[in-house]
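# Observations on chain architecture
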Amino acid sequence: MASAITTLAADAPTLSAANTGFMLICSALVMLMTPGLAFFYGGMVRVKSSLNMLMMSFVSLGIVTILWVLYGFSLAFGTDSGSLIGWNSDYVGLSGIGITELWDGYTIPVYVFAVFQLMFAVITPALISGALADRVKFSAWVLFTALWVTVVYFPVAHWVWGAGGWLFELGVIDFAGGTAVHINAGAAALGVILVIGKRVGFKKDPMRPHSLPLVMLGAGLLWFGWFGFNAGSWLGNDDGVGAVMFVNTQVATAAAMLAWLGYEKLRHGSFTTLGAASGAVAGLVAITPAGGAVSPLGAIAVGAIAGVLCAMAVGLKYKFGYDDSLDVVGVHLVGGVAGSLLVGLFATGGVQSDVAGLFYGGGLEQLGKQAVGVFSVLAYSLVASAVLAFLLDKTIGMRVAEDDEVAGIDQIEHAETAYDFSGAGGGAASRNTAVPVPSAASKKVDA
């Protein structure tokens, strides 16, 4: 049986302690991004939904980790079958892997590669959750996450990054997840919200972020963790490509934040903290597929273009009537599409490969390949995610009851509230006071 594991032979790579340590640190940085995302999303919703938003991200650390060990790693990175899926029985349960066995062609153990890729698998469904704020049963979300990573994420990861995957063989460039992570999650979010519908009060009631400091904290953690997400995706630190990706990550994020702020100042008259945080994330998304192919000047262009496009795109939900609660479609889908396609324009041919984009004499060939990758992943994820949501909605139900949504999903689904104000006034009367479930008369009060 063909194996993706290479042994320590005289003419084969040998284990590098430096690269192994570097990749373990990068894996931890990517893991930190999921709690960072939880804070980012948790601050953007109303107070009555903030715990639920935190939990929808946090629970992915549990669900996806177990599925990845049981069969996810094998499906994504096992021996190719038909260019669509992988399988390797040695990867099932991670039970047939030696501790010093190396990932094929690299100087890091298979275990290190597996755990690094695990953190990508964890955050991708968590990204989807931002589009569904306020209205999804937590049990339904748990089941959807398990089904979605199995049916959508694991196969798409194989297409894009697995040896023999059809997009990998086509030559689509996706350094760290523009297609496999961001377009995948953004298209899935759109598919699900088209099935489950809008929040109660969408376009009528104010739905402002309850804690912009939490949003900024979350954005900062995402920015920090993204250096591991991007620079680590070269799987080592021997030839300088990871260093270029590190620089480009910083540069593009800065450019996108400034571009978003400039757009909203011209369009709406203010520089907002939410705009700064959202612009930074848009830049991070866009540079993720492109950063190993472009120069720092190209990264500025990628970031600036993505910042403006994503700032424009977040308003589309009001025009077309889909309720993307926290702009997953506007930032992750649009940013991922922009960054992936811009590879075909700004690739220099002098960083991760000799593939050059249109502006560097490479013609339209790479742009065409990027478009195939973008729209195939978008279409598959959109349709498959909508089907999964439809099946769950018709069986166990995806949405909480309307009265429960109005009262607050935190109290209904988790029996908790984010903030305890019972003792705010002091005195004996405030002690040992339980937080009541809202009465019918108070359910119309927006938290």
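The numbering scheme is per chain: residues are counted from 1 as the chain's sequence reads. Restriction of local features to residues with pLDDT of at least 70 applies here, the model being predicted, together with a cutoff of 80 or more for giving and counting side-chain atom pairs; totals for whole chains, interfaces and linings are based on all residues. Note that the side-chain values use all heavy atoms of the structure and ignore hydrogens as well as water.

### A closer look at the overall build of the protein
Convention followed: Numbering of helices and strands runs from the N terminus, with a helix taken as a DSSP run of H or I at least four residues long and a strand as a DSSP run of E at least two residues long. Just to be clear, the radius of gyration here is over C-alpha atoms, and the globule rule we use is 2.2 Å times residues to the power 0.38. Relative accessibility under 20% of the residue-type maximum defines a buried residue, over 50% an exposed one, and the middle range a partly exposed one, all with a 1.4 Å probe and only protein chains included. Residue contacts are counted whenever heavy atoms from the two residues lie within 4.5 Å of one another. Areas reported here follow the Shrake-Rupley algorithm with a probe of radius 1.4 Å; residue values treat only the protein chains shown as occluding. His is not counted here, nor are the chain ends, while Lys and Arg score as positive and Asp and Glu score as negative. Each charge is placed at NZ for Lys, CZ for Arg, CG for Asp and CD for Glu.
Regarding its fold elements, the protein presents 16 helices and four strands. Computed over C-alpha atoms, the radius of gyration of the protein comes to 22 Å, within 12% of the 22 Å expected from 2.2 N^0.38 for 447 residues, which places it in the range of a compact globule. For the C-alpha atoms alone, the extent of the protein along its principal axes is close to 75 × 50 × 45 Å. Taking all 447 residues of the protein together, the buried fraction comes to 55%. Sequence separation of 24 or more characterises 76% of the internal contacts of the protein that already satisfy a separation of 6 or more. Roughly 17,300 Å² of accessible area belongs to the protein as shown, and the carbon and sulfur atoms make up 67% of that amount. In the protein, which carries 19 positive and 27 negative side-chain charges, the distance between the mean positions of the two groups comes to 18 Å.

### Considering a nonpolar patch on the surface
Going by this rule: Think of a patch as exposed residues, more than 30% relative accessible area, with no salt bridge, where like charges cluster within 9 Å and nonpolar side chains (Val, Leu, Ile, Met, Phe, Trp, Tyr) cluster within 5 Å. Put simply, a salt bridge is a Lys or Arg side-chain nitrogen that is within 4 Å of an Asp or Glu carboxyl oxygen.
There is a patch of nonpolar side chains on the surface, built from Leu358, Phe359, Tyr360 and Leu364 and spanning about 420 Å² of accessible area. Position of leucine 364 relative to the elements: it lies in the loop between α13 (328–346) and α14 (365–395).

### So, α14
Because the α-helix completes a turn every 3.6 residues, residues three or four places apart line up on one side. To keep it simple, the criterion reads: By definition here, a helix of n residues has an expected span of 1.5 Å times n minus one.
Under the 1.5 Å per step criterion, the end-to-end length of α14 is 46 Å for 31 residues, consistent within 8% with the ideal 45 Å. Looking one or two places after α14, you find glycine 397, whose phi comes out positive at around 85 degrees.

### As for the environment of glycine 228
The residue glycine 228 is located in helix α8 (residues 212–231) in this model. The class for glycine 228 is buried, based on a relative accessible area of 0%. The sequence separation of glycine 228 and methionine 31 amounts to 197 residues, and the corresponding C-alpha distance is 9.3 Å. Aside from chain neighbours lying at most four places away, what touches glycine 228 is Cys26, Leu29, Val30, Phe116 and Ser233.

### Concerning the packing of aromatic side chains
Centre-to-centre distance and the angle between the planes together describe a pair of aromatic rings. Our working definition: Stacked, edge-to-face and tilted labels apply to pairs of Phe, Tyr and Trp rings (six-membered ring for Trp) whose centres lie within 6.5 Å, assigned for plane angles under 30 degrees, over 60, and everything in between, in that order.
A complete count under the given rule lists 24 aromatic pairs for this structure. An angle of 90 degrees between the planes, with centres 5.9 Å apart, marks the rings of phenylalanine 120 and tryptophan 161 as edge-to-face. Of the two residues, phenylalanine 120 is situated in helix α4 (residues 110–128) and tryptophan 161 in helix α5 (residues 138–161); the sequence distance between them amounts to 41 residues. The pair formed by phenylalanine 120 and tryptophan 161 is uniform in burial state, with each residue classed as buried. Taken together, Trp68, Tyr71, Phe73, Phe77, Tyr91, Trp103, Phe113, Tyr153 and Phe154 form an aromatic cluster joined through their ring pairs.

### Examining the environment of alanine 38
Relative to the helices and strands, alanine 38 is located in helix α1 (residues 17–44). Along the primary structure alanine 38 and serine 211 are separated by 173 residues, whereas in three dimensions their C-alpha atoms are 13 Å apart. Residues in contact with alanine 38, not counting those within four places in the same chain, are Leu54 and Ser57.

### What to know about the nonpolar core
Our working rule: By nonpolar core we mean a set of buried residues, namely Ala, Val, Leu, Ile, Met, Phe, Trp, Tyr and Cys, connected to one another through side-chain atoms within 4.5 Å.
Ranked by size, the top nonpolar core spans 109 residues in total, and within it Phe40, Phe73, Leu132 and Tyr153 carry the most contacts. When residues in this core are grouped by element, the largest group, 15 residues, is from α5. Listed in part, the 15 residues of the second largest apolar core include Ile287, Val302, Ala306 and Ala347.

### Remarks on α8
Stated precisely, the cut-off is as follows: At any given residue, the bend is defined as the angle formed between two axes, one fitted to the seven residues that end at that position and one fitted to the seven that begin there.
For α8, spanning 20 residues, the distance from its first C-alpha to its last is 29 Å, which sits close to the expected 28 Å at 1.5 Å a residue. Approximately 30 degrees is the largest bend angle found in α8, and it occurs at glycine 225.

### Some words on the pattern of salt bridges
Any two side chains of opposite charge can pair, so long as their charged atoms come close to each other. Applying the stated criterion across every chain, the model contains seven salt bridges. Aspartate 327 is the partner of lysine 317 in a salt bridge, and the nearest nitrogen-oxygen pair spans 3.0 Å. On the criterion of sequence distance, the pair formed by lysine 317 in helix α12 (residues 316–320) and aspartate 327 in the loop between α12 and α13 is long-range, its members being 10 residues apart. Assessed through its relative accessible area of 4%, lysine 317 is described here as buried. Residue classification places aspartate 327 among the buried positions, given a relative accessible area of 16%. Among the salt bridges present, the one from glutamate 405 reaches arginine 399, with a minimum N-O distance of 2.7 Å.

### Comments concerning the confidence of the model for the protein
Going by this rule: Each residue gets a pLDDT score, which is the predictor's confidence in that residue and runs from 0 to 100.
Looking at the protein as a whole, its pLDDT mean stands at 92, while 92% of the residues score no less than 70. Scored below 50 in pLDDT, residues 427–447 shows 21 contacts in the model against residues more than four places distant or in partner chains.

### Side note on unusual backbone geometry
Look at aspartate 134: it is not a glycine, yet its phi comes out positive at around 85 degrees. Despite not being glycine, lysine 203 shows a phi value in the positive range, around 70 degrees. Looking at the element boundaries, lysine 203 is found in the loop between α7 (178–196) and α8.

### Brief notes about the packing of α1 against α8
For clarity, the threshold we go by: Inter-axis angles, ranging from 0 to 180 degrees, are taken between N-to-C directions of lines fitted to C-alpha atoms, where helices are fitted over the stretch in contact. The labels follow the angle: roughly parallel below 35 degrees, roughly antiparallel above 145, roughly perpendicular from 65 to 115, and oblique for the rest. Crossings are classed by handedness, with left-handed meaning an anticlockwise turn of the near helix from the far one by less than a right angle and right-handed meaning a clockwise turn. Three categories are distinguished: nonpolar for Ala, Val, Leu, Ile, Met, Phe, Trp, Tyr, Cys and Pro, charged for Asp, Glu, Lys and Arg, and polar for the others, with Gly belonging to the last.
Between α1 and α8, the shortest axis-to-axis distance is 7 Å and the interhelical angle comes to 155 degrees. If you check the angle between α1 and α8, you find them roughly antiparallel. Judged by the sense of rotation from one axis to the other, the crossing of α1 with α8 is left-handed. Its residues assigned to classes, the contact of α1 with α8 comprises 20 nonpolar, five polar and no charged.

### A closer look at the packing of helix α10 (residues 273–290) against α13
Here α10 crosses α13 at 35 degrees, and the two axes come no closer than 7 Å. Both α10 and α13 take part in a crossing whose hand is right-handed. Along its contact with α10, which presents Val281, Ala282, Val285, Ala286, Pro289 and Ala290, the element α13 presents Val331, His332, Gly335, Gly336, Gly339, Ser340 and Val343. When grouped by side-chain class, the residues that make up the contact of α10 with α13 number eight nonpolar, five polar and no charged.

### Topic: the environment of proline 209
Its place among the elements puts proline 209 in the loop between α7 and α8. Here proline 209 falls in the partly exposed class, since its relative accessible area comes to 28%. Taking the C-alpha atoms as reference, proline 209 lies 16 Å from valine 406; in sequence the two are 197 residues apart.

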